Amino acid sequence: RAEGARGLFKGLTPSLVGIFPYAGIDLMTNSVLKDALAAKYAEVGRDPGVAELLGCGMASSTSAMLVTYPLNLVRTRLQASGMPGQPTYSGPVECAGKILAKEGFAGLYRGLVPNLAKVLPATSVSYAVYDVLSSWQRRKGEG
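Because the structure is predicted, anything quoted here is derived from the model rather than measured. (Residues numbered from 1 in each chain as written. Predicted model: local features only at pLDDT ≥ 70, side-chain atom pairs only at ≥ 80, totals over all residues. Heavy atoms only, no water.)

(A) Inspection of helix H2 (residues 50-80) at higher detail. The end-to-end C-alpha separation of H2 is 39 Å, well short of the 45 Å expected for 31 residues at 1.5 Å each. At Thr68, H2 shows its largest bend, some 55 degrees, and a proline, Pro70, comes one to four positions later. Residue Gly82 follows H2 closely and has a positive phi angle near 85 degrees. (Helix = DSSP H or I, 4+ residues; strand = E, 2+ residues; numbered from the N terminus. Expected span 1.5 Å × (residues − 1). Bend = angle between axes of the 7 residues up to and from the residue.)

Rendered as structure tokens:
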């Protein structure tokens, strides 16, 4: 209430800044890994299996999260800013600076492991299901 409508958008800038590199890194890494696997498996005349596709999804999501997690943390801290028991930040730069000053570089990755545990299964399964269905669709169209 005290912040008005502007308070509803706290953390929006880091969210928007973070989603583009996350999606780009995730999609690019997944594509590169799948292409490498497809080339390897083409030599033996088969497509990569579900386990390999799950691995590609996990590796790509992990790499994207490692690069962009600090932005996610800043967004989360900004959204909680000013709540009872939470510090108040004027913006993303101040928030990141305070995290670095108080917690060091490792502070930018606080909560990474639980976040990976939440995100990895969902993204890897999504990629694997998409790839299996796409492959099935292509084979169906050829037959």
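(B) The arrangement of helix H4 (residues 112-142) in detail. Given a rise of 1.5 Å per residue, 31 residues ought to cover 45 Å, and the 44 Å separating the end C-alpha atoms of H4 matches this to within 8%. Along H4, the largest kink reaches about 30 degrees and is centred on Val119; proline Pro121 follows within four residues of it. Within H4, the full set of buried residues consists of Leu112, Asn115, Leu116, Val119, Leu120, Thr123, Ser124, Tyr127, Ala128, Asp131, Ser134 and Ser135. Looking at the packing, one finds that the buried side of H4 touches helix H1 (12-42) and H2. (Buried < 20%, exposed > 50% of the residue type's maximum accessible area, 1.4 Å probe, protein only. Contact = heavy atoms within 4.5 Å.)

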